[in-house]
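Commentary on secondary and tertiary structure
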Amino acid sequence: MPAPSSRLTDLQRKIWNGSIPLEIRLAASDCRTYDESEPYLVQPPRLSYLAFLLPQLHAFFKPSLIDPEVHPHEAWLSFEGVPLKWHYPLGLLYDLFSGAEPVDFDKQRNEDPAASQATVETASGTAPLPWRLTAHFTEYPGDQLIQLDADGRALLDSYINAVKEADFIRNGNARTVMSLSKGDSDNLWRAVQIYDLNLFKSVNSKLLDPPGMELRHVPLKIYLPTSASQTASDTITEEAKQAGHIRVVQSLVPIHLPSRQPQTLGTALNSILPSIFPSRRNPLLAQPVLHGVVVPLGAHLNDLGRTASYLDGFLHVAVVMLG
């Protein structure tokens, strides 16, 4: 049975309120002093993008830079030597690379119902916080990251392309997003920049409920760590590519099963990755993680797509191996 709309609205609000505290230090190779510079502390939303921090980071670290004339858009961030992709939302990057154990509400309730006080808003797993990143202003890894520009066009183009891809998956074409007025298109990007839920919903609702159309598929990307990639069959035919040590798997996932029953996350994962998710109901070998939380396999995919998608319209699900 689909979740009540009030619960879905509350879930979306909690997801939008989610944030991750960061401690960002200047790379030693870019620092003009022998001692480390002071760290930049910030707690941005999980759904947002690290690139939006670059102007503040540049202003903060400029007195310590060997080359203070370097431009903000020439900076890049890393975690333990791994460049962090600009077009990946912060929450996804954290779930993939931080090593945090995801929050499992069902497990918490079963072990101690009274002690289960965590919410989606505070779900950051068990890794030490703040998440410690390094800011670089030289030696840009252009083979791993998209090159940003002073006007922000590269990030905007990347975002819009993802929104168009999500719309194409939902409808079989991108007419809905392409038919948005210029005002709506501008407001969508503005909502992402200033992180405004109401402004975002005013446009996104037009993408999720196009008049005279029934949505066909749920935009879903699955991120596999190296261990999961080795477990998965080498004969997987879905689009997959290397993203650092992460394999990204996509497949068209209908909203309904052939029986017209609702598609669940479990039925989708079992269909796409049966060697990792051999059961549709129980996570035997791995857990699906979204926004730092283990998602029950029985969750309806259509409900998740409407309330728990990232700002680009995709459900970005990280796979965490058990044991």
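Reading the values: the criteria
Per chain, the residues get numbers from 1 upward, laid out in the order the sequence is written. Only residues with pLDDT of 70 or above have their local features reported here, since the model is predicted, and side-chain atom pairs are shown and tallied only from 80 upward, although totals for entire chains, interfaces and linings are computed over all residues. To obtain the side-chain values, all non-hydrogen atoms of the structure were used and water was disregarded. Here a helix means four or more residues in a row that DSSP labels H or I, a strand means two or more in a row labelled E, and each is numbered from the N terminus. Think of it in three bands: residues with accessible area under 20% of the maximum for their type are buried, residues over 50% are exposed, and the middle band is partly exposed, with areas taken using a 1.4 Å probe on protein chains only. Only the protein chains shown count as covering a residue, and every accessible area follows the Shrake-Rupley method with a 1.4 Å probe. In this description, contact between two residues means that some pair of their heavy atoms is separated by no more than 4.5 Å. A strand pair is defined by DSSP finding two or more bridges across the two strands. Residues grouped as a nonpolar core are buried Ala, Val, Leu, Ile, Met, Phe, Trp, Tyr and Cys residues, joined through side-chain atoms within 4.5 Å. Salt bridges are defined by distance alone: a side-chain nitrogen of Lys or Arg within 4 Å of a carboxyl oxygen of Asp or Glu.

The name given to the protein chain in an unreviewed UniProt entry is Autophagy protein 5, with the source organism recorded as Vermiconidia calcicola.

**Quick word on the overall build of the protein chain**
Helix and strand counts for the protein chain stand at 11 helices and 11 strands. In the protein chain, which comprises 323 residues, the proportion classed as buried is 51%. Carbon together with sulfur atoms contributes 51% to the accessible area of the protein chain, which is approximately 15800 Å² in total.

**So, the side chain of Thr 264**
With respect to the secondary-structure elements, Thr 264 resides in the loop between strand 8 (246-250) and helix 10 (265-272). Apart from residues no more than four positions distant in its own chain, Thr 264 is found in contact with Leu 297, Gly 298, Ala 299, His 300 and Leu 301.

**Notes on the pairing of strand 9 (residues 286-290)**
Counting buried positions along strand 9 yields five of five residues, so the element is predominantly enclosed. Alternating positions in strand 9 separate into two faces, Ala 286, Pro 288 and Leu 290 on one and Gln 287 and Val 289 on the other, with burial throughout. Pairing of strand 9 with strand 11 (residues 315-321), which is carried by four bridges, proceeds in the antiparallel orientation. Of the residues in strand 11, the one forming a bridge with Val 289 is Ala 318.

**Regarding the nonpolar core**
Membership of the largest hydrophobic core comes to 87 residues, with the highest contact counts inside it found for Ile 24, Leu 50, Trp 86 and Trp 131. Per-element tally for this core: the top contributor is helix 3 (residues 90-97), with six residues.

**What to know about the pattern of salt bridges**
A complete count under the given rule lists 11 salt bridges for this structure. Two residues, Arg 25 and Glu 23, come together in a salt bridge whose shortest N-O distance is 3.1 Å. Taking the shortest distance from any N to any O, the salt bridge between Arg 170 and Asp 167 comes out at 3.9 Å. One end of the pair is Arg 170 and the other is Asp 167, both in helix 5 (residues 153-171) and three residues apart, which spans about a single turn. We classify Asp 167 as buried; its relative accessible area is 0%. Each member of the salt-bridge network shares a partner with another, and the members are Asp 10, Arg 13 and Lys 14.

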